[in-house]
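# Summary of the model geometry
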Amino acid sequence: MTRLPRRLAALALALAAAGSACAADDVPTLLRTADRFRSGAEHLQVETLVQTVNRDGSPDKERRYTVFLQPGHKSLVLMRSPAEAGQKVLMLDDDFWLLLPGSQRPLRITPAQKLLGEASTGDIATLRWAEDYDGQLVGEEPGEPGSAARCLHLSLQAQRRGLSYQRIELWLGQQHHEPVRAELYVQSDKLAKLARFVVDTPDAPTRVNEMVLGDRLGSHKETRVRYLSRQAREIPASWLNPMYLARNPALE
Amino acid sequence: MTLVRRLIALALALTLALCGPAAPAADGAAHGEARLRWEQRSANRSGPLAAADALAPGLAPPPADAAVAELELAHTLHAAGSGLSLGLGLLAAHRRPEGGPGLDTSRVNELHLNWERGAWAASAGRRVVAWDVGHGFRPNDVVQQEERRTLAGLAPQGRPLLQLEYFGSESAAALVWVNPNRHGDGLSRQRGADEPALALRGYWQLGALDLHGFARAGEHTRASLGAALAWVAGDALELHASLRVLQRHDGWAVAAAADDAVVGANPWSQTTRGGAAQALVGFGWTGAARQSLIVEAWHDGTAPSDAAWRSWHARNAALVGSGAPAAARAGNLAWQATPLNGGSLRRDNLFVRLAWEPERWQLSADALLTPADGGRILTAALQWRGERWRLEAALRRYGGRGGSVIAQLPLRQQSLVMLGLMY
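None of these values were measured; they are calculated from a predicted model.

## Structural notes on the packing of helix 2 (residues 48-55) of chain B against helix 4 (residues 326-335) of chain B
Residues and elements named next belong to chain B. Two elements in contact, helix 2 and helix 4, have axes whose closest approach is 8 Å; the angle formed by their N-to-C orientations is 160°. Put simply, helix 2 runs roughly antiparallel to helix 4. In terms of crossing hand, the pair formed by helix 2 and helix 4 is left-handed. Residue-level inspection shows P48, L49, A51, A52 and L55 of helix 2 in contact with helix 4, the latter providing A326, R329, A330, L333 and A334. In terms of residue class, the contact of helix 2 with helix 4 is made up of nine nonpolar, no polar and one charged.

## Structural notes on the confidence of the model for chain B
Low-confidence regions, as indicated by low pLDDT, have predicted coordinates that should not be scrutinised in detail. Residues and elements named next belong to chain B. Taken over all residues, the pLDDT of chain B has a mean of 91, while the share at 70 or more is 93%. A low-confidence stretch, residues 1-5 (pLDDT under 50), is modelled with nine contacts involving residues beyond four sequence positions or located in other chains. Between residues 7-26, whose pLDDT stays under 50, and residues either more than four places distant or in other chains, the model counts 26 contacts. What the predictor reports for the complex is a pTM of 0.88 with an ipTM of 0.86.

## What to know about unusual backbone geometry
Residues and elements named next belong to chain B. A positive phi is found at R149, a non-glycine position, where the angle reads about 60°. Relative to the helices and strands, R149 resides in the loop between strand 5 (120-127) and strand 6 (159-167). A positive phi angle, near 65°, is found at R290, a position not held by glycine. Position of R290 relative to the elements: it lies in the loop between strand 14 (276-286) and strand 15 (291-300).

## A word on the confidence of the model for chain A
Confidence in the prediction of chain A, expressed as mean pLDDT, is 84, and 88% of residues score 70 or more. In the model, residues 16-24 of chain A has pLDDT below 50 throughout and makes one contact with residues more than four positions away in sequence or in other chains.

## Some points on the interface of chain B and chain A
Quite often, the size of an interface is put as the accessible area lost when its parts meet. Across the contact, 57 residues belong to chain B and 41 residues belong to chain A. Of the roughly 3900 Å² buried where chain B meets chain A, counting both sides, 47% is carbon and sulfur surface. In this structure, the connection of chain B to chain A is made through six salt bridges. With its nearest N and O atoms 3.4 Å apart, the salt bridge here joins A:D60 to B:R360. Taken together, chain B and chain A are joined by 19 residue pairs in polar contact (both at pLDDT 80 or more). Where the side of chain B that touches chain A is concerned, the elements lending two or more residues are strand 4 (103-117), strand 5, strand 6, strand 7 (171-178), strand 8 (197-206), strand 9 (209-218), strand 10 (222-232) and strand 11 (237-246) of chain B.

## Here we look at helix 3 (residues 306-321) of chain B
Count 3.6 residues to each turn of an α-helix, and residues three or four apart come out pointing the same way. All names here are of chain B. Spanning 16 residues, helix 3 covers 23 Å between terminal C-alpha atoms, matching the ideal 22 Å at 1.5 Å per step. All of the buried residues in helix 3 are W309, W312, R315, N316 and L319. One side of helix 3 carries all its buried residues, which in axial view fall inside an arc of 115°. Seen from the open side of helix 3, the exposed residues pointing more than 90 degrees away from its buried face are R310, A317 and G321. Residues of helix 3 that are buried make contact with helix 2, strand 13 (268-273) and helix 4.

## Looking at empty space enclosed by the protein
Residues and elements named next belong to chain A. One pass over the full model with this rule turns up four cavities of 30 Å³ or more. When its volume is computed, the largest cavity comes out at roughly 200 Å³. Along the walls of the largest cavity sit 20 residues, with S75, A125, T126, D132 and R160 positioned nearest its centre. When residues of the lining of the largest cavity are traced back to their parent elements, those giving at least two are strand 2 (59-70) and strand 3 (74-79). Taken together, the residues of the lining of the largest cavity sort by class into six nonpolar, six polar and eight charged. Surrounding the second largest cavity, R38, G122, D123, T126, W129, Y133, Y165, I168, L184, F197 and M211 form its lining. Across the lining of the second largest cavity, the residue classes tally to seven nonpolar, two polar and two charged.

Reading the values: the criteria
- Residues numbered from 1 in each chain as written.
- Chains lettered and ligands numbered in written order.
- Predicted model: local features only at pLDDT ≥ 70, side-chain atom pairs only at ≥ 80, totals over all residues.
- Heavy atoms only, no water.
- Axes fitted to C-alpha atoms, helices over the stretch in contact; angles between N-to-C directions.
- Helix = DSSP H or I, 4+ residues; strand = E, 2+ residues; numbered from the N terminus.
- Parallel < 35°, antiparallel > 145°, perpendicular 65-115°, else oblique.
- Left-handed = near helix turned anticlockwise from the far one by under 90°.
- Contact = heavy atoms within 4.5 Å.
- Nonpolar A, V, L, I, M, F, W, Y, C, P; charged D, E, K, R; others polar.
- pLDDT = per-residue confidence, 0-100.
- Buried area = accessible area lost by both parts, 1.4 Å probe.
- Salt bridge = Lys/Arg side-chain N within 4 Å of Asp/Glu carboxyl O.
- Polar contact = N/O pair within 3.5 Å; in protein donor to acceptor, adjacent residues only side chain to side chain.
- Expected span 1.5 Å × (residues − 1).
- Buried < 20%, exposed > 50% of the residue type's maximum accessible area, 1.4 Å probe, protein only.
- Arc of directions from axis to C-beta.
- 1 Å grid on protein atoms, 1.4 Å probe; cavity = no way out; pocket = protein on both sides within 12 Å on 5 of 7 lines; lining within 4 Å.
- Points joined across faces, edges and corners; volume = space filled by probe spheres on them.

Take a look at the structure:
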């Protein structure tokens, strides 16, 4: 081989390595961008509607929640539907409490209890991947099998044990980096759910309006998590104290 | 029409009007449940009450089955911007025993005025203040002293109290003066959970560990100190424990003069007894298929001792074999059921509960065992929960070795079927 091809080959390898490094460095930026489509503010109040559909398409359950998201992995979920009226779930980092309206005592719950359900409290209250996951860029792939639209495929690993999903395969739109779909894996690395994100305007997305979850572990039902409203809201520190929540205070 | 019947009729009309798509409830908005329940009870053919009824039929009739209609309402009213709120909990019921007249009852479960400013909060009125960490037994639930493991699981009635609380970022403190209205009353009005007392609770959150400290000063039971913890030990495992040491406690005692003789008045009474200790250890495990297991073991030093129960058994046998008139023996045997009304019957207990929650269903089975005498209480329950409706059926059987205290209880079996409408 002559010197010129060797130099060109070496240059090409160097450029490829530099490109990969740039892409890996951009993963946190990609995640923060993707998070903005779902959250949009550091302190947030989100009104959420969760509808579960049976395999035959018939409606199963409908639940309403108010979710308060605060920095530092802190969130409070209020159950609004009559079937769950008065229930609250408090999540502080990897620590969780359930408050039932009749008991007046906060109950410590395990990560397994937080996961239970077609749409777990983790699904409802986790709107930020950048805070909770490290990731690497796998490559560019079609967004859906057979689709022409290209996506960036990220592989995410949880930074903390208390997260509902320890691994997430995430596909982001190539141009705007909006979330398109995800595969959600639990601690045992079993595929728990498939997620599909519905944005407001596909050509110029600004926010995710809905997350459609397909259960792959148990019931195989479809769950639609609709974000009815989002507003910036910083809540008092006392709302994040389980003993304060046991007083059944007004949380409006 | 009585007031209670009007309230029930109004509530039923409201609930029918609400029988549409489930509307979201704002936190603090009124919510509650309307319930219809059928209660079945089977009398025990063993034990002092059965013996009393055999000697004098009708003296201690077995409890009748009953139909119950109930309306429960909870609401909190807030004065915006003032930090003031009013909490309210009501229960109205109509109970019709089989073959007997109906009875209307109503009660205020909670009525309390609350004030909050910054990290401080205060309450005054009737309120449920429930502490401690256990499921089957809570030694440090020193304010509410809630009855555990009831079959129907209804909301308890709160205690009259004054409460002051402080909330830190990962801690909290509460000071409660419970039953201030009974301060200075005679002892008969201050027994058990009716005793005026000052109670203090400290709480600290240390990562996966919740730590609680308790102190109580009762007007006649004096001081008790306690501690409890709840620890999430793994993805699916939670451990908890609670310990309390009491300077004095209220308990049943029989008049020394009664011995094994027939007497003219109930020889059993609540008295102030000496020191005791209570302790609980337990764990909860949840599986990926929505199955769960709770196991708890506890020692309740305030329950009658083994010697006390031996004396009780001896008195039962003596009364049955006595030559006194049947009516007198029957009355004394009926009084022997008095110490069966209490919290823990035996000092050492083991509790196991299995549950499974597929979809809208909840199936559960639990057993309370008293190893000292081989007693057992077995319970099975099935619940279906819809968007607004819930249906529940439960069965409980009391038994064990023939000589066990549980096998001497007035009931052999109780069951219920309940339909509830949540709003």
